[in-house]
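In case you want the letters, here they are:
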Amino acid sequence: MDRRNLLPIGQFSQASGLSVTALRHYDASGVLLPAFVDPVSGYRYFRRDQVRTAQSIRALRQLDIPVEEVRRLLGGGEEGLAAALRAHLRTAERRLEVQRSVVHSLLGRLTEGAEMTHRVTVRQGAAERILVRGATLDNSGLDAFLRVAYQELYAVAGRGPLTFTGPAFVRFHGVCDDENETLVEACLPFWEDGAQPTDLPEGMTVRELPETTLACTEVGGEAASFPQVLGAYDAVAEWITEHGFVFAGPARMVYRRWTGTPDHPDNRLEIARPIDEPAGGRSERTGPAAQGPPRPNG
């Protein structure tokens, strides 16, 4: 073989910025194969035009992209790689925004306390009949699911037409973030004595929710968008824990006012958690919650 166009592994390491150990690892994993391996010495040689590929591998690994994913991306051509990099950038920017929000939230707790930022109240939630569309997903798919789900829900409601008895809301049956999937339900409450939905599409159901007591806080504008809204969930959960209540159902995100545009200053969300008395009763609690929740109006 003509080795004039080949670089020994040491020279190639200096040109690419990858260590010799890394180059051997990428050879073994099939990410970057040498152009020639000396059958006697086992010494690896690389073509000069492989330097650019090696530099790309180094950059991808600096982005914390796993080795197996690097191999897949490099095999997809330049267009596929460019699309993957743009998607990675969006994810990284989103993660940074979440981290920034978490830091500001923690700083606020250290300097002011959660109750100074979010005022938590207790209200009585009436029994409701709701039209529901659910899906199991993580936070990356949440916005798209809710947009489609409510389009379908309102289309079915319009055929009734159903009489709404309150604002639309979302129920989260567990943690919904970038690392965890959970059942998410888009809900429309409607009058049980009026028109009823018919010919429900697959995946859409009617559900009965019992009367329940809710611990709530409201947020608006930028504070109602992700990830800032996470502070409201934390404040309600902390209040429930501190005042001795028991979590009694999925968390709710109620659309008190929604323009359809995230970060809009007119948006208002209510974050609510169903609560129940602890097994020991009220005597185990002290403080404002000891007075009990307010009675419903009317």
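Being a predicted model, the structure only gives us computed values, none of them experimental. (Residues numbered from 1 in each chain as written. Predicted model: local features only at pLDDT ≥ 70, side-chain atom pairs only at ≥ 80, totals over all residues. Heavy atoms only, no water.)

**Thoughts on the overall build of the protein chain**
For the protein chain, the helix and strand inventory stands at 8 helices and 12 strands. In the protein chain, once contacts between residues fewer than 6 apart in sequence are set aside, the share between residues at least 24 apart is 70%. Accessible surface, the protein chain: about 17,100 Å² in total, of which carbon and sulfur atoms supply 51%. (Helix = DSSP H or I, 4+ residues; strand = E, 2+ residues; numbered from the N terminus. Contact = heavy atoms within 4.5 Å. Areas by Shrake-Rupley, 256 points an atom, 1.4 Å probe, with all protein chains shown as cover.)

**Side note on the packing of helix α1 (residues 9–16) against helix α3 (residues 51–62)**
Interhelical geometry of α1 versus α3 gives an angle of 60 degrees and a closest axis separation of 9 Å. It follows from the interaxial angle that α1 and α3 lie oblique. Relative to α3, the crossing made by α1 is right-handed. Every residue of α3 that contacts α1 at Phe-12, Ala-15 and Ser-16 is listed here: Val-51, Ala-54, Gln-55 and Arg-58. Of the residues assigned to the contact of α1 with α3, the class counts are 4 nonpolar, 2 polar and 1 charged. (Axes fitted to C-alpha atoms, helices over the stretch in contact; angles between N-to-C directions. Parallel < 35°, antiparallel > 145°, perpendicular 65-115°, else oblique. Left-handed = near helix turned anticlockwise from the far one by under 90°. Nonpolar A, V, L, I, M, F, W, Y, C, P; charged D, E, K, R; others polar.)

**A few points about the packing of α1 against helix α2 (residues 20–28)**
Two numbers describe how α1 lies on α2: the axes approach to 9 Å, and their chain directions differ by 100 degrees. By the angle between their directions, the pair α1 and α2 is classed as roughly perpendicular. Residues Ile-9, Gly-10, Phe-12 and Ser-13 of α1 lie in contact with α2, whose contacting residues are Val-20, Leu-23 and Arg-24. Residues that form the contact of α1 with α2 fall into these classes: 4 nonpolar, 2 polar and 1 charged.

**Re the sheet that holds strand β1 (residues 6–8)**
An order of β1-β3-β2 is seen for the 3 strands of this open sheet, with the pairing classed as antiparallel. The open sheet has two edge strands, β1 and β2 (36–37), and neither has a second partner. When β1 meets strand β3 (residues 44–47), the two strands line up antiparallel, connected through 3 bridges. Among the inter-strand pairings, Pro-8 is bridged to a residue of β3, identified as Tyr-45. Along the sheet, α1 contacts β1 and β3; its crossing angle with β1, the most-contacted strand, is approximately 95 degrees. (Pairing = 2+ DSSP bridges.)

**With respect to the side chain of Ser-29**
Among the structural elements, Ser-29 can be located in the loop between α2 and β2. When sequence neighbours within four positions are dropped, the list of residues in contact with Ser-29 reads Val-67 and Arg-71.

**Regarding the environment of Leu-146**
By the secondary structure assignment, Leu-146 is in helix α7 (residues 142–159). Sequence separation between Leu-146 and Ala-186 is 40 residues, and the spatial gap between their C-alpha atoms is 6.6 Å.

**Section: the packing of aromatic side chains**
According to the stated counting rule, one finds 9 aromatic pairs in the structure shown. Each ring, one from Tyr-154 and one from Phe-164, has its centre 5.7 Å from the other, and the planes form 90 degrees; the classification is edge-to-face. Note that Tyr-154 is positioned in helix α7 and Phe-164 in the loop between α7 and β6 (169–172), a separation of 10 residues in sequence. Judged by its relative accessible area of 40%, Tyr-154 falls in the partly exposed class. Given the relative accessible area of 38%, Phe-164 is considered partly exposed. Seen in terms of ring centroids, Trp-239 and Phe-245 are 5.6 Å apart; in terms of plane orientation they differ by 15 degrees. Their pairing is stacked. (Phe/Tyr/Trp six-rings, centres within 6.5 Å; stacked < 30°, edge-to-face > 60°. Buried < 20%, exposed > 50% of the residue type's maximum accessible area, 1.4 Å probe, protein only.)

**Things to note about the nonpolar core**
Leu-146, Tyr-150 and Met-253 are the most contacted members of the largest nonpolar core, which has 30 residues in total. Ranked by residue count, the leading element in this core is α7, at 8 residues. Contacts of Met-253, omitting those with residues within four sequence positions, involve Leu-146, Ala-168, Phe-169, Val-170, Phe-172, Tyr-233, Leu-269, Glu-270 and Ile-271. (Core = buried A, V, L, I, M, F, W, Y, C linked by side-chain atoms within 4.5 Å.)

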